[in-house]
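Single-letter residue listing:
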Amino acid sequence: MNLLNSLPTHSMTMSDSSSTNLLDTIQGPNDLKKIEPERLTELAEEIRNRLITSLSNTGGHLGPNLGVVELTIAMHRVFDTPTDKFLFDVSHQGYVHKMLTGRAKQIGSIRQYEGLNGFLLRTESEHDCYGAGHAGTALSAALGMASARDLKGEDNHVIAVAGDAAFTCGPTLEALNNIAEATDRCIVVLNDNEWSIDKNVGALAKYFNALQSHPAYNDIRAKAASLVEKVAGPSARKFAQKVERNAKNMILPNVLFEKFGMRYYGPIDGHDLPSLIKSFEYLKEQDEPVILHIITEKGRGYQPALDKPGKFHGLGPYNIEDGSTTSGAPTFSELFGRAVTDFAKEDKSITAITAAMPGGTKLETFKAELPERYFDVGIAEEHAALFACGHATQGLKPFLAIYSTFMQRAYDMIVHDMALQNLPIRLCMDRGGLSGDDGPTHHGLFDIGYLRHVPGLVHMQPKDEDEFIDMLWTMAKYEDGPIAIRYPRGNGPGVSIKDRPELLTIGEAEVIQEGTDVCLIPLGTMMEVALETKEQLEGKGYSVTLINPRWIKPLDASTIKRLSANSKVVCTFEDHVLYNGFGLSIIELLHDEVIDTPVERIGWPDEFIEHGKPEILRKKHGITSEAAIGKILPHLEVT
Ligand SMILES: Cc1ncc(C[n+]2csc(CCOP(=O)(O)OP(=O)(O)O)c2C)c(N)n1
């Protein structure tokens, strides 16, 4: 049972943006401080309405932000950014902070090209002292800032806000272990809503949840509330210690946190603004690392988000009345979830592992149908990778599904544990390629670079849905070592899938057509851009070779060598950075074989790509057939 059910749930009021008087007066935190205390609840409601209305058009992290409205108001009421430092873990819940630091009017541009980023960026505002997008970074970075402050003899405050699932991350636990040694003063807010993107998992989640469902919890909450009533007074410390001794027994996480050298306060209702403000005023005066445990509701104030916290964690545009969204053709993730579940029904040694992303990777299908072989290890990619290694050593066939960008965390495990020991683990890298409106923290543009040089590792990318299933099937049957697949966000070209998958030959490309002028080598779904390029070239009378390479590693060296040598120019296409990318592997191959056909490459430049719709970003950065033609033609026109 969640005790917050007893708290009032606001219904969505449609009176919103046009009458958002208080919010529109806030150009920065100082304006917030001028608002009369009794009007702060009204402000909270305005913020919620603005979020619900605005995000229905742009999409975004609605649920997490609705949950931190009061928390963020209280923080800006008590502390002073940019002097005081706020770090939000992942920072997907940073929209309210953006609104209170002069960006309320721009919230409608969030995640849009040239608009506000969906996460915090140091370059976006002086109030954003630390950027993020990946989980588990806030505590460590906050400790570093607090330690730097101590060294410099300054006296500002450092406050890290982290969700309960952030405590499943290795770096968070590593920071906790180091907190007492790193600084004498730092405030951590544990924003406990019982949810990661999906339901939070693991021992700590159970520990926190057990607290909320414990019969003594109401009593403790009442005492905790009375604590914050009193803490503003002079005898605060003594009183706090007395309340702790009397009210907090073993069911509270105080023991756990205090072993790490932090004084624990709470739990308090994270939607009770006066309590939050008083708590921060009190904590501000403490000369020791402290943790404030607040209980919040993800999606507070919007019934569809309360009903489906997983869906409303982060989503595209939705119908504001009922929260419904449109769904199109099956995505690569959905095909993955279905296929691996079907394979696992036939092969009892297949297991599925996710690091807190059952919904995103669609392993939720596997979880529903084969729960005993499904493992969600929390936001713990390094652990997930090692856990998969353990399975592989015991003859199981783990499918490890992690987004390309989050797999970066597990690089050392891939080298040191999987590849060096040649363990057959199936690395399934969803969102391999541009992620679009999530921006640079989420684009999966580096995985070829960080896997290409790992000895013995097989890596591939499918051009369409049917080939995708063949590749997954080939992975299921492959036993010789680690094998990876990258596939993009969203849908493929929409080809139909044959009844039974086909086993592919590792390292054998598909030659679609042979010509004599230009050799096009598009990786994966870049086939679409290559096909447009081919048509334009053929329209100009050139003879074109088109190869679907399938394998990033091992390359089909003999086919690529032969067809490149027969062409006047080669052009590669990849949804990846050019540096250390797929095209570079073709250049290396031709160089090593002393084939002097020039190679042109279409791919992302050596920079962090901003957020925005893929069409816009592709055009801007030259991931188009026009750009390819522009690079190819000069080689053909020379006589
Ligand atoms: C390294 C990494 N893995 C996975 C994710 C995907 N992710 C984003 S937010 C989130 C859950 C965060 O839950 P919690 O910390 O409890 O915050 P809440 O959303 O509940 O406020 C996950 C798994 C990520 N951002 N970074």
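The rules behind the values
Residues numbered from 1 in each chain as written. Predicted model: local features only at pLDDT ≥ 70, side-chain atom pairs only at ≥ 80, totals over all residues. Helix = DSSP H or I, 4+ residues; strand = E, 2+ residues; numbered from the N terminus. Core = buried A, V, L, I, M, F, W, Y, C linked by C-beta atoms within 7 Å. Buried ≥ 20, exposed ≤ 12 C-beta atoms within 10 Å, placed from the backbone. Contact = placed C-beta atoms within 7 Å. Domains from an automatic or database assignment. Nonpolar A, V, L, I, M, F, W, Y, C, P; charged D, E, K, R; others polar. Pairing = 2+ DSSP bridges. Axes fitted to C-alpha atoms, helices over the stretch in contact; angles between N-to-C directions. Near = placed C-beta within 6 Å. Parallel < 35°, antiparallel > 145°, perpendicular 65-115°, else oblique. Left-handed = near helix turned anticlockwise from the far one by under 90°.

Before going further, it helps to examine the overall build of the chain. From N to C terminus, the chain includes 27 helices and 17 strands. When the backbone C-alpha atoms are referred to their principal axes, the chain occupies close to 85 × 55 × 50 Å.

Looking along the chain, the bond that leaves T81 and enters P82 is cis, with omega of 5 degrees. Considering the arrangement of structural elements, one finds P82 in the loop between α5 (69-78) and β1 (85-88). The residue after K553, namely P554, is reached through a cis peptide bond having omega 0 degrees. Among the secondary structure elements, P554 is positioned in the loop between β15 (551-553) and α24 (557-565). Positive phi, close to 55 degrees, is recorded for R431, a residue that is not glycine.

A few words now on the nonpolar core. What tends to happen in soluble globular proteins is that the nonpolar side chains get buried as a cluster. Ranked by internal contacts, the top residues of the largest apolar core, which has 178 residues, are A138, A142, V188, L400 and I402. Contact partners of L400, with chain neighbours within four places excluded, come to I353, A384, A385, A388, I425, R426, L427 and C428.

Taken domain by domain, the chain holds domain 1 (23-214 + 252-313), domain 2 (332-486) and domain 3 (510-636). On the domain 2 side, the residues contacting the 20 residues of domain 1 number 17 residues. Tallied by class, the residues present in the side of domain 1 that touches domain 2 amount to seven nonpolar, eleven polar and two charged.

Before going further, it helps to examine the sheet that holds β1. Spatial ordering of the open sheet is given by β1-β2-β3-β5-β4, a layout of five strands whose pairing is parallel. In the strand order of this sheet, the two ends are held by β1 and β4 (263-269), each with one partner. Neighbouring strand axes in the sheet, compared pairwise and without regard to direction, differ in orientation by 20 degrees on average.

The subject of this paragraph is the pairing of β1. Residues in a regular strand project their side chains so that they alternate between the two faces of the sheet. Of the two faces of β1, the one holding K85 and L87 and the one holding F86 and F88 are both buried throughout. One ladder, built from four bridges, connects β1 with strand β2 (residues 158-163); its direction is parallel. What sits directly across from L87, in β2, is A160.

Residues in close proximity to the ligand total 24 residues, the closest being A135, G163, A165, A166 and A356. Residues belonging to the shell around the ligand are distributed by class as follows: eleven nonpolar, eight polar and five charged.

This part covers the packing of helix α3 (residues 40-58) against α5. Each pair of packed helices can be described by the angle between their axes along with the distance between the axes. Where α3 contacts α5, the two axes come as close as 10 Å, and the packing angle between them is 125 degrees. Viewed along their axes, α3 and α5 adopt a mutual orientation that is oblique. When the axes of α3 and α5 are compared, the crossing they make is right-handed. Residue-level contacts link L40, L43, A44, I47 and R48 of α3 to V69, E70 and I73 of α5.

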